[in-house]
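Chain by chain, the residues run as shown.
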Amino acid sequence: MKLNNPFLVRGYCGPEYFCDRQKETSQLVDSLVNEGDVTLIAPRRYGKTGLIHNAFHVLPQEYTRVYLDIYSTRNLAEFSKEFASAVLGALETKLEKAAHNLAKLFRSCRPTIVPTESGLPKFSFDVVPSAAEATLQETFDYLAKKKRRVIVAIDEFQQVLDYPEKGTEALLRSLMQRLPWVRFIFSGSRQHLMREMFLSPKHPFYQSTDIMSLKPIDQDVYCRFAKRFFTAKRKPFRAEAFSSIYNRFDGVTWYVQMVLRRLWAEDAGVPDVKTVDDAVENIVLTRTFEYRDLLNSRSKAEQALLAAVAKDGPVAEPLAGDFIARHGLRAASTVASALKHLKRDDLLYQAEQGYVVYDRFFGVWLKETC
Ligand SMILES: Nc1ncnc2c1ncn2[C@@H]1O[C@H](COP(=O)(O)OP(=O)(O)OP(=O)(O)O)[C@@H](O)[C@H]1O
Ligand SMILES: [Mg+2]
């Protein structure tokens, strides 16, 4: 289907609207078809989920694709429920008939069929915490019976570290090992947690997968991608103006997409830096209330540190005396504790050159407002 606005900020609509990532897509697909599992690690908004869907698009037909996002799961029971629902949703075609048969296979929980917002019914599982492990086991038994080539992508995988059940990684790893024809993608944005899980000898997944990271899309390639759409619409497009978007947001995909989407909606094209800056301003303006609430929800020390980083960022040494003095921050120990909390909650992010406000639009707002 042809989109009214070609710059997506959510979801995947085929390669036409997906810029580049050819090497990364091939690398991911090659690992999977060569019977490997892949860990995909990159900061938020770089395009991990998009890459998974693009790889799904080009995978050979014989593979069944299963995708689940476990960001909102809080324990093994919720994971098992999501996992079972995604696996069955992808492998079962005739829902009604399947539900009847599956009741025999899934003894620990009750698979039922529920309507969804999209109109397509899906499987739902009633998993009580004591049956979580059994349900997971039964889902793997089900996969074993199917004997189909399956790729399971588990997005936001670092979430399992927050579960109260500490053995989740070991359990999953041992279940996976029995099914060589089912391959896994583990994706996550909390880089130190993901690295810890897959690169530390203390964790069950140690060195068990091919590790991939994502960099921003190449600027020239991205520029050509954007230009193609605007030119086809007979709208002005200047490379310098595109560069100003790309550089302002360090090429991070979601922010670039957001600005391009806005410019497309305004029917302005990408004629000059002023038009681009106005578009950014308009996006930030629509988020004022959200950002004010977010700022007010933090302690005074955290608010001051956020504002200081927004003004100076990237900040290589936020605990340095001159940075603290220049912004009138409190004692270094207070700044250190604020920094810890802001990092934990994904409000500050430690990039290569130093700390930045993780949500770049929030950074723009803070710089203007505080
Ligand atoms: N190569 C691409 N070309 C065009 N748009 C893309 C591309 N990759 C991602 N996008 C778009 O950018 C946005 C952010 O990408 P995506 O959701 O894949 O990032 P993510 O790394 O999974 O982020 P998060 O960590 O927040 O889940 C999405 O709206 C997606 O549609
Ligand atoms: Mg994602």
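Residues numbered from 1 in each chain as written. Chains lettered and ligands numbered in written order. Predicted model: local features only at pLDDT ≥ 70, side-chain atom pairs only at ≥ 80, totals over all residues.

## Details of the overall build of the protein chain
Working step 1: A tally of regular secondary structure across the protein chain gives 16 helices and nine strands.
Working step 2: In terms of its C-alpha atoms, the protein chain occupies a principal-axis envelope of roughly 65 × 55 × 35 Å.
Working step 3: When each of the 370 residues of the protein chain is scored for burial, the buried share is 36%.
Working step 4: Considering only intrachain contacts with a sequence separation of at least 6, the fraction spanning at least 24 residues in the protein chain is 72%. (Helix = DSSP H or I, 4+ residues; strand = E, 2+ residues; numbered from the N terminus. Buried ≥ 20, exposed ≤ 12 C-beta atoms within 10 Å, placed from the backbone. Contact = placed C-beta atoms within 7 Å.)

## Points about the site of ligand 1
Working step 1: Surveying the vicinity of ligand 1 reveals 21 residues, the closest of which are Cys-19, Gly-47, Lys-48, Thr-49 and Gly-50.
Working step 2: Of all the secondary-structure elements, those providing two or more residues to the shell around ligand 1 are helix H2 (48-58) and helix H10 (253-265).
Working step 3: Partitioning the shell around ligand 1 into residue classes produces eight nonpolar, seven polar and six charged.
Working step 4: Inspection of the shell around ligand 1 shows a minimum of three residues originating in each of domain 1 (21-213) and domain 2 (219-286). (Near = placed C-beta within 6 Å. Nonpolar A, V, L, I, M, F, W, Y, C, P; charged D, E, K, R; others polar. Domains from an automatic or database assignment.)

## Thoughts on the sheet that holds strand S7 (residues 210-213)
Working step 1: Spatially, five strands are ordered S2-S5-S6-S1-S7 in an open sheet, and the strand pairing comes out parallel. Each edge of the open sheet is held by one strand with a lone partner, namely strand S2 (64-69) and S7. Each neighbouring strand pair of the sheet contributes to a mean axis angle of 15°, computed without reference to strand direction. (Pairing = 2+ DSSP bridges. Axes fitted to C-alpha atoms, helices over the stretch in contact; angles between N-to-C directions.)

## Here's the deal with the packing of helix H1 (residues 22-33) against H2
Working step 1: Remark: H1 packs on H2, axes separated minimally by 9 Å, with the N-to-C direction vectors making an angle of 65°. In terms of orientation, H1 lies roughly perpendicular with respect to H2. Regarding H1 and H2, the two cross each other, and that crossing is right-handed. Facing H1, whose interface residues are Glu-24, Thr-25, Leu-28 and Val-29, H2 presents Leu-51, Asn-54, Ala-55 and Val-58.
Working step 2: Grouping the constituent residues of the contact of H1 with H2 by class yields five nonpolar, two polar and one charged. (Parallel < 35°, antiparallel > 145°, perpendicular 65-115°, else oblique. Left-handed = near helix turned anticlockwise from the far one by under 90°.)

## What about the domain arrangement of the protein chain?
Working step 1: When cut into domains, the protein chain gives domain 1 (21-213), domain 2 (219-286) and domain 3 (288-369).
Working step 2: A separation of 35 Å is found between the C-alpha centroids of domain 1 and domain 2.

## Brief notes about the environment of Thr-275
Working step 1: Looking at where Thr-275 falls in the secondary structure, it is placed in helix H11 (residues 273-286).
Working step 2: C-beta crowding within 10 Å serves as the criterion here: with 17 such atoms nearby, Thr-275 is assigned to the partly exposed category.
Working step 3: A C-alpha to C-alpha distance of 8.2 Å links Thr-275 and Leu-263, two positions twelve residues apart in sequence.
Working step 4: Leave out the neighbours within four places in its chain, and Thr-275 touches Ala-241 and Ala-268.

## Some words on the nonpolar core
Working step 1: Counting 94 residues, the largest nonpolar core has Val-256, Val-259, Leu-305, Val-309 and Leu-348 as the members making the most contacts within it.
Working step 2: A per-element tally of this core places helix H3 (residues 76-91) first, with eight residues. (Core = buried A, V, L, I, M, F, W, Y, C linked by C-beta atoms within 7 Å.)

## Let's talk about H2
Working step 1: Counting buried positions along H2 yields eight of eleven residues, so the element is predominantly enclosed.
Working step 2: Looking only at H2, the buried set comprises Lys-48, Thr-49, Gly-50, Leu-51, Ile-52, Asn-54, Ala-55 and Phe-56.
Working step 3: Taken together, the buried residues of H2 touch H1, strand S1 (38-41), S2, strand S5 (150-155) and strand S6 (182-188).

## Description of the environment of Tyr-355
Working step 1: Structurally, the position occupied by Tyr-355 is in strand S9 (residues 354-357).
Working step 2: The sequence separation of Tyr-355 and Asn-4 amounts to 351 residues, and the corresponding C-alpha distance is 37 Å.
Working step 3: Beyond its immediate chain neighbours, meaning those up to four positions away, Tyr-355 contacts Val-309, Gly-313, Pro-314, Val-315, Pro-318, Leu-348, Tyr-349 and Gln-350.

## Looking at unusual backbone geometry
Working step 1: Gly-313 connects to Pro-314 through a cis peptide bond whose omega is -5°.
Working step 2: As for its placement among the helices and strands, Pro-314 is situated in the loop between helix H13 (300-312) and helix H14 (321-326).
Working step 3: Of note in this structure, Arg-45 is not a glycine but carries a positive phi near 70°.
Working step 4: Position of Arg-45 among the secondary structure elements: in the loop between S1 and H2.

## Description of the pairing of S1
Working step 1: Burial along S1 is two-sided: Val-38 and Leu-40 and Thr-39 and Ile-41, pointing in opposite directions, are all buried.
Working step 2: Sheet analysis places S1 next to S6, joined by four bridges and oriented parallel. Residue pairing in the sheet places Thr-39 in a bridge with Phe-186 of S6.
Working step 3: Pairing of S1 with S7, which is carried by four bridges, proceeds in the parallel orientation. Note that in S7 the partner of Thr-39 across the bridge is Ile-211.

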